[in-house]
2 protein chains.
Amino acid sequence: MSARREAVRQALSGYSGFRSAQDLYTDLRAEGSKIGLTTVYRALQALSDSGEVDVLRTDDGEAVYRACDTESHHHHIVCRVCATAVEIEGPTVEKWAAEMGAKHGFSGVTHTVEVFGTCADCS
Amino acid sequence: MSARREAVRQALSGYSGFRSAQDLYTDLRAEGSKIGLTTVYRALQALSDSGEVDVLRTDDGEAVYRACDTESHHHHIVCRVCATAVEIEGPTVEKWAAEMGAKHGFSGVTHTVEVFGTCADCS
DNA sequence: TCATATTTTGACAACCGTTTTCGTTTTCGT
DNA sequence: ACGAAAACGAAAACGGTTGTCAAAATATGA
């Protein structure tokens, strides 16, 4: 694990939600790092391959990443217009995901859930 | 509904699964249509807006479409090792997401759910 | 240590699916 | 049939991602 790769991992674990490669790149540069965008992508790919981060695609095709060892587990409902996020709890979903995993013979089951909508102020 | 748009809809309903815009374009050209790729995209966008087709993103960011008549919205449980995906149904989650949206004053609520784990073969 | 092999890095270009642009063609109402 | 509005297609633009390649960092070993 090189220093740069570790920096990306650190940057990602600083956030509880999902973060795009470009976001992470901006974060790192803002902190003074001289890392390149290419390296951020490579680091994320490596971390993804080794199962240390989860990847998913947003509706507009952008890849977003999350450190998948987060214990403080919660979800968000995000406004499409103003991007405000409200934390929501979901024992229902947690249970459902675990059940689905068991049902299909999967172990070490984790899940990602994001809810989108238009908030009261913006609609 | 223009003739071209109707042709795209027809082409899509000819398949039971998901089909990309470019696939549909190739199909239509093969049938002798002189439709342009741009129009295929526009037709799919219109059909998607009006709720006549479902859209989702493949892991490599490509948008795929499906005529949504009988089939319903579903999710996947993906193996971390071999990337096999199993379709799972989640009335539980659908309901939960809708409830959460209503509870916090959000309208037009959608959600993304991905479940990860290690499948029986890979563990 | 020093020299050499290997890996990692980052600027930049290439890639590819998608969207925008813009001039032309078709459709639709009157 | 006429004019306005919508739809069309070719090509260019766009944006996120991946490939290229030479330089820099790191590991290896004599």
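See the structure above.
Structural notes, computed from the coordinates. (Residues numbered from 1 in each chain as written. Chains lettered and ligands numbered in written order. Predicted model: local features only at pLDDT ≥ 70, side-chain atom pairs only at ≥ 80, totals over all residues. Heavy atoms only, no water.)

## What to know about the protein's contact with DNA strand C
The environment of DNA strand C is formed by 16 residues, the closest being A:Ser2, A:Arg4, A:Thr39, A:Arg42 and B:Tyr41. Each atom of DNA strand C within 4 Å of the protein belongs either to a base or to sugar and phosphate, the latter forming 59%. In this structure, A:Thr39 approaches DNA strand C through a side-chain N or O atom, which is 2.5 Å from a phosphate oxygen. The backbone of B:Ala63 places a nitrogen or oxygen atom 2.7 Å from a phosphate oxygen of DNA strand C. (Near = heavy atom within 4 Å. Polar contact = N/O pair within 3.5 Å; in protein donor to acceptor, adjacent residues only side chain to side chain.)

## As for the side chain of A:His75
Within the element layout of this structure, A:His75 appears in strand 4 (residues 75–79). A polar contact is formed between the side chain of A:His75 and the side chain of A:Glu94, at a distance of 3.1 Å. Among the polar contacts made by the side chain of A:His75, one reaches the side chain of A:His111 at a distance of 3.4 Å. Contact partners of A:His75, with chain neighbours within four places excluded, come to A:Val86, A:Glu87, A:Ile88, A:Glu94, A:His111, A:Val113 and B:Trp96. (Helix = DSSP H or I, 4+ residues; strand = E, 2+ residues; numbered from the N terminus. Contact = heavy atoms within 4.5 Å.)

## Quick look at helix 1 (residues 3–13) of chain B
Residue and element names in this part refer to chain B. What helix 1 keeps buried is the set Val8, Ala11 and Leu12. Taken end-on, helix 1 shows its buried residues confined to a sector of 100°, consistent with a single buried face. In helix 1, the exposed positions angled more than 90 degrees off the buried face are occupied by Ala3 and Gln10. Its buried side turned inward, helix 1 meets strand 1 (19–20), helix 2 (21–30), helix 3 (37–49), strand 2 (53–57) and strand 3 (63–67). (Buried < 20%, exposed > 50% of the residue type's maximum accessible area, 1.4 Å probe, protein only. Arc of directions from axis to C-beta.)

## Section: the pairing of strand 2 of chain B
Residues and elements named next belong to chain B. Across five bridges, strand 2 lies against strand 3 in antiparallel orientation. By the bridge assignment, Asp54 is partnered in strand 3 with Arg66. Connecting the antiparallel pair strand 2 and strand 3 is a turn made up of five residues, with Gly61 showing a positive phi of about 85°. (Pairing = 2+ DSSP bridges.)

## Quick look at the protein's contact with DNA strand D
What surrounds DNA strand D is a group of 16 residues, the closest being A:Tyr41, A:Ala63, B:Arg4, B:Thr39 and B:Arg42. The sugar-phosphate backbone supplies 59% of the atoms of DNA strand D found within 4 Å of the protein. One of the side-chain N or O atoms of A:Thr38 is found 3.3 Å from a base oxygen in DNA strand D. One of the side-chain N or O atoms of B:Ser2 is found 2.7 Å from a phosphate oxygen in DNA strand D. Looking at the surface near DNA strand D residue by residue, the class counts come to three nonpolar, seven polar and six charged. (Nonpolar A, V, L, I, M, F, W, Y, C, P; charged D, E, K, R; others polar.)

Functional significance is not addressed by these values, which are geometric in nature.
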